[in-house]
Amino acid sequence: MTIDLTPIFNNEDLSLPFNYEFSMSSYVPEGEDNPFSPIKAKGKVFNRTGIVYLSALSEFTYSARCDRCASDIERQMAVPSEHILLIGNEDEAEESDVEYDDRRLFIPSYQLNLDDLLAEDIWLSMPVTFLCSEDCKGICPNCGTNLNDGNCSCKKAVDPRLEALAKLLNDD
Ligand SMILES: [Zn+2]
Ligand SMILES: [Zn+2]
């Protein structure tokens, strides 16, 4: 969705709410499945004392594989986007009357592609690893059994230092 920000920049106290859905399919690397459900984006762009803010929440389900046991998982996620919008580029930042703030976001024109902006925030907030649960036991590297379903019959590898210690203790 493209928003024309011209009226917002020109009118203090003006607020433009939005509530819509978009697909992440064009923001996923080519040839890969889209792991995102449709994104439900809700928020507003508003002008407060001459500064334009964007505040949004993107809600969706993400399908992934557990990094330890490879079981399928679905995560409900809600990614907030909080920005101060400025027209231009970073080089012009010093002339800007908005003080440095890490929410500052420079956009090239008054035509804001909201999908692009929210999709980038979504990607930046994705965790590097997904686990089905914090204490996922993973799969046995030997036989491939999912250890969350029960133990396999493989012998546990014993840490050689512990083995030496056990010997010492047993020698008494
Ligand atoms: Zn797991
Ligand atoms: Zn095993």
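Located above this text is the structure these notes cover.
Residues numbered from 1 in each chain as written. Chains lettered and ligands numbered in written order. Predicted model: local features only at pLDDT ≥ 70, side-chain atom pairs only at ≥ 80, totals over all residues. Heavy atoms only, no water.

## Side note on the coordination of the zinc ion (ligand 1)
Geometry sets the ideal angles at a metal, namely 109.5 degrees for four tetrahedral donors and 90 or 180 degrees for six octahedral donors.
Working step 1: On the protein side, the zinc ion (ligand 1) has Cys66 (SG), Cys69 (SG), Cys132 (SG) and Cys136 (SG) as donor atoms, found 2.3 Å from it.
Working step 2: Considering all four donor atoms around the zinc ion (ligand 1), angles at the metal cover 106 to 114° and the coordination shape is tetrahedral.
Working step 3: The sequence motif formed by the donor residues of the zinc ion (ligand 1) is C-x2-C-x62-C-x3-C. Linking cysteine 69 in the loop between strand 4 (51-65) and strand 5 (72-87) with cysteine 136 in the loop between helix 2 (114-125) and helix 3 (160-171), this pair joins segments that are 67 residues apart in sequence.
Working step 4: For cysteine 69, a relative accessible area of 7% corresponds to the buried category. (Donors = N, O, S within 2.8 Å, 3.2 Å for Na, K, Ca; no water. Tetrahedral: all angles 85-135°; square planar, octahedral: opposite > 155°, others 65-115°. Helix = DSSP H or I, 4+ residues; strand = E, 2+ residues; numbered from the N terminus. Buried < 20%, exposed > 50% of the residue type's maximum accessible area, 1.4 Å probe, protein only.)

## A few points about unusual backbone geometry
Working step 1: Even without being a glycine, threonine 49 presents a positive backbone phi close to 45°.
Working step 2: Within the secondary structure layout, threonine 49 lies in the loop between strand 3 (39-48) and strand 4.
Working step 3: We note that alanine 70 has phi near 65°; this positive angle belongs to a residue other than glycine.
Working step 4: Its place among the elements puts alanine 70 in the loop between strand 4 and strand 5.

## A short note on the coordination of the zinc ion (ligand 2)
Working step 1: At this site the zinc ion (ligand 2) is bound by Cys140 (SG), Cys143 (SG), Cys152 (SG) and Cys154 (SG), with donor distances of 2.3 Å.
Working step 2: Viewed at the metal, the four donor atoms of the zinc ion (ligand 2) are separated by angles of 107 to 111°, and the geometry they form is tetrahedral.
Working step 3: Counting along the primary sequence, the residues that act as donors to the zinc ion (ligand 2) give the motif C-x2-C-x8-C-x1-C.
Working step 4: Cysteine 143 gets classed as partly exposed once you look at its relative accessible area, which sits at 41%.

## Describing the sheet that holds strand 2 (residues 15-22)
Working step 1: Across the sheet, which stays open at both edges, the five strands sit in the order 2-3-4-5-6 with mixed pairing between neighbours. The outermost strands of the open sheet, each flanked by one partner alone, are strand 2 and strand 6 (104-107). Each neighbouring strand pair of the sheet contributes to a mean axis angle of 30°, computed without reference to strand direction.
Working step 2: Bridge count between strand 5 and strand 6: four bridges; the pairing is parallel. Across the sheet, leucine 86 pairs through a bridge with phenylalanine 106, a residue of strand 6. (Pairing = 2+ DSSP bridges. Axes fitted to C-alpha atoms, helices over the stretch in contact; angles between N-to-C directions.)

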